[in-house]
Amino acid sequence: MELERDIVKLEVFWEDSAQTPPEWIKKIEDKVSFIELVDSTVVLYIRIADLKTFLKIKIPIREISDVNIKNLFLLSQIFQKIPIGVLIFKQQVVYANAFIEKIFEKPYVEIVDSPAKDFLPEEIIRNIQKLFSKESIERELVLKWIGSFDLLSGNKRHLLIIATSTFIDEIPFGIALFFDISREKNFLTEMVDLHSYDSITGLPNLKSALEFIENLRKNGKRFLVGLVDIDNFSLINDSFGIETGDKVLREFVERLRKSFNPNYYQLFRTVSDQFLIISLRETDRMKEIKYIVNKIKKLLEIPFKVDGSEIFLSVNFGFSFYPEHGDSVLTKAEIALKHAREEKLSYAVYSLDLEFSRETIEILSNIKEDIKNDRIEVFFQPKVDLNSGKILGAEALMRSSVPPNKAIPVIIRYGLMFDVGRIILRKSLENLKQWLENGHDISVAVNVSISQLLDNRFFPLVRRTIEKLRIPPEKLILEVTESEATVNSNNLFSTIKALVEYGVKISIDDFGTGYSSLSRLKMIKAHELKIDLSFIKNVPESEEDKSIVKFIVDISKLLKMTSVAEGIERKEQIEFLRKIGCNEGQGYFFSPPVPAKEFERLLEKEVFAI
Ligand code: C2E
Ligand code: MG
Ligand code: MG
C-alpha cells in the first residue's frame, strides 16, 4: 500500500498480508528503525511494536531543510523508548507502544484491536465523540485526566492521561499519552499546566502566574513574590495516598484564601507542593515578609485532619522583589527558596551572592590566578586522516588548573572568555607557525564559544593575530559547538560570515547534540562536521549509533563537508568509520591531547598505523 501525502511519501507493509515483502524490508532487519539518505531524500524505516508492520517514509531534503535532522531520526525511536505510553485509537486500539504494555502489564497482541475503553478512563470515554468531532480536532481540544487504574494483578497505577485527536488521511484518530505518575509527580504537575487553573486546588497555575507578573511589570507595579514550599509532601502522598494528599492541599489552600485579602494578595499553585503568593501591599519589604511567614506558620499550627489522622505540615519560603531584583523574579525567588532549604532556614530573600556557589567562586579565583601567572596552556590532539593515518592537524584544547568543562562556563559567566580566548588563540597560532615553518602542512582547530563570536572585537583579533604571524587563514579552523552555531543571532552570523570570507574555516563541533537544520549548515558555510563522541563510543556494537554516524557522514558528503569522528579509542571504530567514508578521526587511540613539544614528536613520526 502506498499513500501519497503532499510532500511525504509513505509506504506501509503488513507481514500478515498476502503480499510478498518489498525489497526495503531487508533494510530494517532486526532493528526498530533505520534512516538513510538517498540522493536528496531522507528515508526513514520504522518497525511498529507488533514487529509486523513496517513503515517507509520518504521526505525530500528540501522539505525538511528546516527540520532538525536528529529529531527526525530520534522520532522513529522515541515511540519505542520513551517512558510515556502512546496509544492511538478509534473505537479500537490501533497502536500502542512498549510503555503501554508495561503500564497495563499486557502484551501488544492483547492491547491492539481491543476496545479503547478498556484502557481509557470513563471521563475520556464519555467525551470520545466530542474528541473525534471535526471542530474539536481543529480546535486542538486536549482532555486530561489524573487518577488511578487497578490492574488485574492487583497492582495500582497512578496515571496522568492526556488525550487529543488528529486526522490521518481524513479519518479521525484519538491519541492518548500515558504518564506514570506514581513517581515523577513533580515533573508531571508541570506537564499538566496546559491550562490556567490547577484542577486540584482551583488556584491559578504557573502559566497564569507568569502572565500575572508580566502584567504587573508592564504597568510599572511594585510587588513582592513569595514561594511557599511544603516540606516532604511526597511522604504524605506515599503514606496516605494521592487522594489524601490532594485533600490536604485543598484544605491548605482554603486556609490561605481565608487569611490573605484578595485585594492585596494573589495566590497561585506553581508546581505540585509549591505555592506562590504575590503581595501588592505598599509596606516595608522585610515587614511584609515577616507578616506572610508568620501568618502561614500560624495556619499550619492546626493539624490537617484526614481519614482520622492528623497531619502537620511545615514550609520553607523564598522571596524576591520587583523592581529591586530586576527581571525573572520568579527564578530569583526559586534561588532564594533553594538556599532556604539547603541552609535549613525558614525563609530566605534573594540576593546576588546566592547565585554563586562556593565551587564557582573557587574556580573563578583559580582561573584568575592562572591568567595572572601565565598558566593558561594549550594542549594539542592530532586529527588523523582515516585512510592514510597521516596527521592533518591538531585540535587545541585549553589546559589550566581547572578542567575545561568546569572552567569554561565560569570564564564565560564572568566575562573573561574574550581575554582567555585571546591567549589560547595566540598560543595555538604561534605553535602552528613553528610547525608550518618546519615543513608540516597542517591546520590547527581552536574551540570558540558563542560569547567570543558575539563580541565585535573577535574577528579583528583573529585577523590581527593571523596577519602578525603571517599564517594562511585557511590553516585556522574555528570549532563552534552545534548548539551554539545554530543560535539565531545576526551578530553571530555576521561574525561567522566575516571569518569565512576572510578564509578561516568553521567546524561544527559535537554534531548530533544540537538542533541544526540543513539550511542553517549551508548558510554558515561550515567546512567540517565533528561527530560527537557520544555516538562513536558504542560503535560498532550499537546498530542505532552506527546508523546515526552513517547518517551524519552522509549529510556531510551531501553538503561537501569534511567529517571528523571524535573520541576514537578502538580499532573497530576506525574500521567502521572508514567503511562508511568518514574522513578524519581524533581520539585516545591515536593520542590524548599533549603539550606542543610532544605533539611535535608525533608530527615527526608523521603517520599512524591504522
Ligand atoms: P571538544 O571540543 O569536543 O573536545 C574534545 C574533548 O574530548 C576534549 O576534552 C578531549 O580531551 C576529549 N577527548 C579526546 N579524545 C578522546 C577519547 O578518545 N575519548 C574520550 N572520552 N574523550 C576524548 P577536554 O579537553 O576536556 O575539553 C572539553 C571541552 O571543553 C571541549 O570539547 C570544548 O568544548 C571545551 N574547550 C576546551 N578547550 C577550549 C577552548 O580553548 N575554548 C573553548 N571555548 N572551549 C574549549
Ligand atoms: Mg572541539
Ligand atoms: Mg567535540
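Owing to the predicted nature of the structure, the values given are computational and were not obtained by experimental measurement.

Draft legend 1. Structural view of the overall build of the chain. Regarding its fold elements, the chain presents 26 helices and 25 strands. Restricting the contact set of the chain to residue pairs at least 6 apart, pairs at least 24 apart contribute 61%. Accessible surface for the chain amounts to roughly 30,200 Å². Of this, 52% is attributable to carbon and sulfur atoms.

Draft legend 2. Just the site of ligand 1, in detail. Near ligand 1 there are 25 residues, and of these Gln 381, Arg 399, Asp 509, Glu 569 and Tyr 588 occur at the shortest range. In the environment of ligand 1, a nitrogen atom lies 2.9 Å from a nitrogen or oxygen atom belonging to the side chain of Gln 381. Taking Asn 447, its side chain carries an N or O atom lying 2.9 Å from an oxygen atom of ligand 1. Taken by itself ligand 1 offers 800 Å² of open surface, and the protein chains cover 83% of this. Among the detected pockets, ligand 1 sits in the second largest pocket.

Draft legend 3. Molecular detail of the coordination of the magnesium ion (ligand 2). For the magnesium ion (ligand 2), the protein coordination sphere consists of Glu 395 (OE), Asn 447 (OD1), Glu 479 (OE) and Asp 509 (OD), at 2.0 to 2.3 Å. If you list the donors of the magnesium ion (ligand 2) from N- to C-terminus, the spacing comes out as E-x51-N-x31-E-x29-D. In this structure, the magnesium ion (ligand 2) is positioned 4.1 Å from the magnesium ion (ligand 3), and both are ligated by Asp 509. Of this pair, Asn 447 sits in strand S20 (residues 443-447) while Glu 479 is found in strand S21 (residues 476-481), placing the two residues 32 residues apart along the sequence. With relative accessibility at 1%, the residue Glu 479 sits in the buried group.

Draft legend 4. Region of the structure containing the side chain of Gln 573. As for its position among the elements, Gln 573 is in helix H25 (residues 571-579). Reaching out from Gln 573, the side chain makes a polar contact with the backbone oxygen of Ile 536 at a distance of 3.0 Å. Excluding anything up to four places from it in sequence, Gln 573 contacts Ile 536, Lys 537, Val 539, Pro 540, Gly 567 and Ile 568.

Draft legend 5. Examining the nonpolar core more closely. Judged by nonpolar contacts, the single largest core of 81 residues is most densely connected at Val 549 and Phe 599. Per-element accounting of this core gives the leading share, nine residues, to helix H17 (residues 417-437). Setting aside chain neighbours within four positions, we find Val 549 in contact with Ile 531, Phe 535, Ile 536, Val 539, Phe 576, Leu 577 and Ile 580. Trp 145, Phe 149, Leu 151 and Ala 176 belong to the second largest nonpolar core, which has 32 residues in total.

Draft legend 6. Looking closely at the pairing of S20. Among the five residues of S20, four are classified as buried, and the element is accordingly described as predominantly covered. Where strand S19 (residues 391-399) lies against S20, four bridges are found, and the strand directions are parallel. Bridging across to S20, Glu 395 finds its partner in Ala 445. As paired strands, S20 and S21 are joined by four bridges and run parallel to one another. Looking at the pairing, Asn 447 lines up with Glu 479 of S21.

Basis of the calculations
- Numbering of residues begins from 1 in every chain and follows the order in which that chain's sequence is written.
- In the order they appear in the text, chains get letters beginning with A and ligands get numbers beginning with 1.
- Side-chain atom pairs in this predicted model are given and counted only at pLDDT of 80 or more, local residue features only at pLDDT of at least 70, and totals for whole chains, interfaces and linings cover all residues.
- In computing side-chain values, all of the structure's heavy atoms are included and hydrogens and water are not.
- Under the DSSP-based scheme used, a helix requires at least four consecutive residues in state H or I and a strand at least two consecutive residues in state E, with every element numbered from the N terminus.
- Any pair of residues with heavy atoms lying within 4.5 Å of one another is described as a contacting pair.
- With residues, only the protein chains shown are counted as cover, and all accessible areas are computed by Shrake-Rupley using a 1.4 Å probe.
- The nearness test applies per residue and asks whether one of its heavy atoms lies within 4 Å of the molecule or strand.
- Polar contacts here mean pairs of N or O atoms no more than 3.5 Å apart (in protein, one a potential hydrogen donor and the other a potential acceptor; neighbouring residues in sequence count only if both atoms are side-chain atoms).
- With a 1 Å grid laid over protein atoms only, a set of points is called a cavity when a 1.4 Å probe fits there but cannot get out and a pocket when it is open yet has protein on both sides within 12 Å along at least five of seven lines; lining residues have an atom within 4 Å of a point.
- Assignment to a cavity or pocket requires that more than half of a molecule's atoms be within 2 Å of the site's grid points.
- Atoms are scored as donors when they are N, O or S and lie within 2.8 Å of the metal, with 3.2 Å used for Na, K and Ca; no water is included, so coordination may look incomplete.
- Think of it in three bands: with a 1.4 Å probe and only protein chains considered, a residue is buried below 20% of the maximum accessible area for its type, exposed above 50%, and partly exposed in between.
- Definition used in this section: a nonpolar core is a set of buried Ala, Val, Leu, Ile, Met, Phe, Trp, Tyr and Cys residues joined via side-chain atoms within 4.5 Å.
- Strands are labelled as partners when DSSP assigns at least two bridges between them.

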